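Remarks on the overall topology
What follows is each chain in one-letter form.
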Amino acid sequence: MRRPLAGARAVGLGLGVALIVSPGLGTAQEPGPTPGEALPVVERTLENGMRIVVLPRPGAPTVAFVVRYAVGGVHEHLGTTGIAHLLEHMLFKGTTTVGTRDVEAERALFGLMDAAHDTLLRARARRDSATVARLDERIAALEDSARVHVVGNEFDRILTRAGAQGLNATTTNEATIYFVELPANRTQLWFVLEADRMANPVFREFYSERDVVTEERRMRVETSPGGLLYEQHLAAAYTVHPYGVPVVGYMSDLETLSRADVADYYRRFYGPANAVVTIVGDVDPDQVFGWARTYLGTQPRGEEPPPVLAVEPPQRGERRIEVVWDAEPQVRIGWHTPDIFHEDAPALTLLSTLLSGGRTSRLYQRLVVEDRLATEVFTSSGPGVEHAQLFAIDATPRAPHTTREVEAAVYDELRRLAEHGPTEAEMERVRNRAEAGSVRRLQSNVGLAFQLSESASLFGDWRETFRLSARLGAVTADDVRRVVRRYFTDVNRTVATLVTEGGS
Amino acid sequence: MSARSGLRKWRPGGTAVLAGALVLVGATAPDASAQAVGRAAAEALEVPPLRFDPPEPELHEVRGVPVLFLADPGLPLVSVFARFQGGYGRLGREAYAAGTALPTLLRYGGTTTLAPDSLDALLEYFAIQTSFGGGGESVFASVNTLTEHLDTALTLWGSMMREPGWDARQLEVWRGSEVERVRRRGDDPARLAYSEFNRLLYGDHPVGWEMSLDDLRPDDVSAARMASVHGRIVCPGNLTLGATGDVTWEDIAPLLDRMLAEWPACGEPLPPSPEPRILRQPGVWIIPRDLEQSVIVMAHPTDVHLADEPEYYAAQIGNSILGGGGFSSRILSRVRTEEGYAYSASSLWTTPRRFDGIVGAITRTRPENTVPAIRLILEILDDARHTPPDDEEVGTAVDQIVNGFVFNFDSPGQIVARRMFYLAQDLPADWLERYLAGVQAVTPESIRSVFADHLRPDGMSILIVGDPDRIGADDLASLGPVTVLDVDGTPAGSR
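**Some thoughts on helix α2 (residues 103-125) of chain A**
Residues and elements named next belong to chain A. If you check α2, its first and last C-alpha atoms are 33 Å apart, about what 23 residues at 1.5 Å a residue would give, namely 33 Å. The set of residues buried in α2 consists of Glu-106, Met-113, His-117 and Leu-120. Taken together, the buried residues of α2 touch α3 (129-147) and α6 (206-222).

And the structure:
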């Protein structure tokens, strides 16, 4: 972290850690050990390869649980896109004992449904709509028959009755993350249910849940101008790498995914060696590791997931696309940048704050306040972190100004940065912002659990998240200027605009 | 699980309970040798007691302003919260734009002595975080700072609230953005549906107002108009303060006293909040849009109010069972899990403290499933009026609140903010404990009764944003008289 200057002091966090805060002006320093690394985190790896990260914290008797499987959209292939996300939904459907009155009776019906579904797909391929309609009804009827044996949403209900907060999951390009908070006296219950879900999942109510996911896609993409623009922009920017494919999946793929596809995906990618369990809150680490060994240590190791080796080739010229939609214009501009492990990643992170972090940022001042060309502007990097990213600038033009005028102003600001670099005062502002943020992030159990979990999974070390924060403090104005020159070129750019039919 | 019977034995007793150890469920230590997983293992678990001394904020008064204070030496940070009782809803439509702009301009419009840029530079230099927000009924603000800069933070934050600068450029940025927002209100079908629904039900009441270009003339947000609205809302007579963090009362009290000392008293008193006259007219209103998914909102008025009354608690638990309780609730179970009609589906039941609220449901589904989904929801609502929920449903809804009670004390900021809300709503300091006792007294029959008295599936005003051709005109008409609306909410062809 940066050298503490006048006004800085060391303070106790109540976590056995000295935290040094230094919001005064200063110059960039080489990173050293960070206070976050001294958090009393305990990590163990079970014999089956599952990693358990525990951070005991004082305060209210609550505990946050995060299970992160290192699998997501990038592990999918055309034809089965959306499978990681559908599986995320299916893991709330229960197990051989949770969510059922008679699992064998259910399974007997699964076979009939799945056979009908295979036949339906062949009928759809030969455009036999009458057979498709008949088989759709048959599958719905069989699912209704199976429902007689189902105890609906029982997994959710058990945890809800225990006082669970925020029970949910999310699927990204590189990870599928399950999370919940519970009163501390329900910690063992979490192990009992999570171990059961890992060992004995049953993908019941499969076809109706697949319909739910298609409705989610309609909501997030097909009836959302911003969602549509985002999806089309990535598709244009990535021609080879799976980052160009939406995590939620294409509609035609969602409509063909089978229960067997999902089961196979689960078997391949949800092994203990691919999982990190993070527990933060009012817990005794020894007791937690005892439960982890008892409940999670018996899971079979599973397969090693195949690596993602696709590499997006260098872009050889600007790409421009339009998305026609009944809405006012928006523009999204992206440049290919490296992954987060790259040495330029900290400078790109600071650049993002410098361009759009708050009202004093360059793009906000120029586009919104001075020229009044836009009402909003923000930057982001994505759609994942482990592979070469896209640094994107999204802006909403203010009528009567056009997306072209907005683009011109953005490019002008980038040109100024490439020529002159940021001022030292600007650098200090964004460093201070990053540093204060790193203190404030320590306030929430669930926020810390996410942070530790991602760090342990991505970097193999829970401490790395804190080192990254410190590395931001070492970025210089020249570093920022260098990355702008290197990546923000015309040929490396993909621009997507939202237009109305016949308009521009 | 044995949790519930144990929990029901615990009865809070106001501050005496809060001051003592909170013990939920007596049981033995966990058996680490157990390896069984699944339902039976979950049911067999003994739940150890949960011991906790919930911190209780102190109530002080500084220059007549109530201040809730809770020390929290965990991190070197201090947060201070301000809540002003009053908003544009008390001042009439002519103050709508200025009242809506007020929080943004307090944050970004500078002060009488600091230009916006200078203020931002200072806030960033000291890494001070501020936030400002509000609505028709209240304005709120907060500041979060490293402890060592508390004095500076309160000086700046106090000045932002007390002596705003109404910077002309920032006023114009706000007005321009709002004009653009008006132009774009049809872009997001959900936003369009919810705002049109409020307008349909509440009419010319602040809840039903939707910003229009007529509200946004330059004079509507002139510095003079802003100052006039500010002087009646953001003033000590309307203020409640809260403070928490790495500071003692002895250290922060003089700083708060200094902040309040130079603050002028409120101007002309605010008139009372207008009483809504909520539309009670069954029927279907559709805004035609060529969409792959319809947005559906339905509701009618009810007169269940936030109060320490059995009916209020029954409505709370009833709503949780109906569609407010997530996956365990009936609407989500039937509409999503069983039928696969929707990703999201829920009930809504608003219970304001003094005025009537609304009860109904919200979902989104593909055009062809629009009418079937509406019919299913109406069927679920109708069933609730006649058949009491079973013990499992009531148990789930009550246990969720009782066992999750500890999360009400998850952070000192949350504890202080909640007590500030109680003061503003004229609720007793032990409201949370009363609430806990109230929901535990709810019975299946009391829920059926509150539904029978207050839920009218045949009285729903149903608004849809979607494609009428694919939804089916005849099917729509079968739900009630259909009115086609333009995007701006006027009946089509009436202009």
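Further notes follow.
**Let's talk about the pairing of strand β4 (residues 51-56) of chain A**
The side chains of a regular strand alternate, first on one face of the sheet and then on the other. Residue and element names in this part refer to chain A. Of all six residues in β4, five are buried, a share of seventy percent or more. Note: strand β3 (residues 42-45) against β4, four bridges, orientation antiparallel. Within β4, the position partnered with Val-42 by the bridge is Val-54. Counting the residues that bridge the hairpin from β3 to β4 gives five residues, and of these Gly-49 lies at a positive phi of roughly 100°.

**With respect to the interface of chain A and chain B**
Taken together, the 71 residues of chain A in the interface contact 67 residues of chain B. Going through the elements one at a time, β1 (9-12), β2 (18-21), α4 (154-161), α5 (187-199), α6, α10 (285-296), α12 (362-370) and α14 (424-440) of chain A are the ones with two or more residues in the side of chain A that touches chain B. Among the elements that make up the side of chain A that touches chain B, the one with the highest residue count is α6(A) (nine residues). Here the side of chain A that touches chain B is composed, by residue class, of 29 nonpolar, 21 polar and 21 charged.

**Concerning the sheet that holds β3(A)**
All names here are of chain A. In space, the six strands of this open sheet follow the order β3-β4-β8-β5-β7-β6, with mixed pairing throughout. At either end of the open sheet lies a strand with only one pairing partner, and these are β3 and β6 (165-171). Adjacent strand axes in the sheet meet at a mean angle of 10°, parallel and antiparallel pairs treated alike. Summarising the sheet, strand β5 (residues 62-69) and strand β7 (residues 176-183) pair through eight bridges and their orientation is antiparallel. Bridging from a neighbouring strand, Val-67 pairs with Tyr-178 of β7. In the packing of helix α1 (residues 83-90) onto the sheet, contacts are made with β6 and β7, and the angle to β6 comes to roughly 155°.

**Notes on unusual backbone geometry**
Residues and elements named next belong to chain A. That bond from Gly-382 to Pro-383 is cis: its omega, 5°, falls within 30 degrees of zero. With respect to the helices, strands and loops of the structure, Pro-383 is situated in the loop between β11 (374-382) and β12 (389-397). The omega angle of the peptide bond from Ala-399 to Pro-400 is 10°, so this bond is cis rather than trans. Structurally, Pro-400 can be placed in the loop between β12 and α13 (403-420). In this structure, Arg-127 takes a positive phi of about 55° despite not being glycine. Relative to the helices and strands, Arg-127 resides in the loop between α2 and α3.

**Looking at the sheet that holds β12(A)**
To summarise the sheet geometry, strands pair through backbone hydrogen bonds and adopt either a parallel or an antiparallel arrangement. Residues and elements named next belong to chain A. Read across the sheet, five strands follow the order β9-β13-β10-β12-β11 without closing on themselves; strand pairing throughout is mixed. Strands with a single pairing partner mark the edges of an open sheet, and in this sheet they are β9 (319-324) and β11. Mean inter-strand twist for the sheet, computed between neighbouring axes without regard to direction, equals 15°. Of the strand pairs in this sheet, strand β10 (residues 330-337) and strand β13 (residues 493-499) are connected by six bridges, and their pairing is antiparallel. Bridging across to β13, Val-331 finds its partner in Thr-497. Against the sheet, α13 makes contact with β10, β11, β12 and β13, and its axis sits at roughly 35° relative to β10, the strand it touches most.

**Re the environment of Ile374(B)**
Residue and element names in this part refer to chain B. Within the secondary structure, Ile-374 is located in helix α13 (residues 370-386). Expressed as a C-alpha distance, the spacing of Ile-374 and Thr-104, which sit 270 residues apart in the sequence, is 39 Å. Not counting chain neighbours up to four residues away, the residues in contact with Ile-374 comprise Ile-296, Ile-462 and Leu-479.

**Focus on the nonpolar core**
Val192(A), Leu367(A) and Ile317(B) are the most contacted members of the largest nonpolar core, which has 261 residues in total. Residues within four places of Val192(A) in sequence aside, it is in contact with Tyr295(A), Val37(B), Ala41(B), Ala42(B) and Leu45(B). Core analysis: the second largest hydrophobic core is formed by seven residues, Met113(A), Leu120(A), Leu142(A) and Ala146(A) among them.

**As for the environment of Thr465(A)**
Residue and element names in this part refer to chain A. Within the element layout of this structure, Thr-465 appears in helix α16 (residues 464-472). Each C-alpha atom, one on Thr-465 and one on Asp-371, is 38 Å from the other, the two residues being 94 residues apart in sequence. Beyond its immediate sequence surroundings of up to four residues, Thr-465 is in contact with Gln-451, Leu-452, Glu-454 and Ser-455.

Calculation notes
Residues numbered from 1 in each chain as written. Chains lettered and ligands numbered in written order. Predicted model: local features only at pLDDT ≥ 70, side-chain atom pairs only at ≥ 80, totals over all residues. Helix = DSSP H or I, 4+ residues; strand = E, 2+ residues; numbered from the N terminus. Expected span 1.5 Å × (residues − 1). Buried ≥ 20, exposed ≤ 12 C-beta atoms within 10 Å, placed from the backbone. Contact = placed C-beta atoms within 7 Å. Pairing = 2+ DSSP bridges. Nonpolar A, V, L, I, M, F, W, Y, C, P; charged D, E, K, R; others polar. Axes fitted to C-alpha atoms, helices over the stretch in contact; angles between N-to-C directions. Core = buried A, V, L, I, M, F, W, Y, C linked by C-beta atoms within 7 Å.

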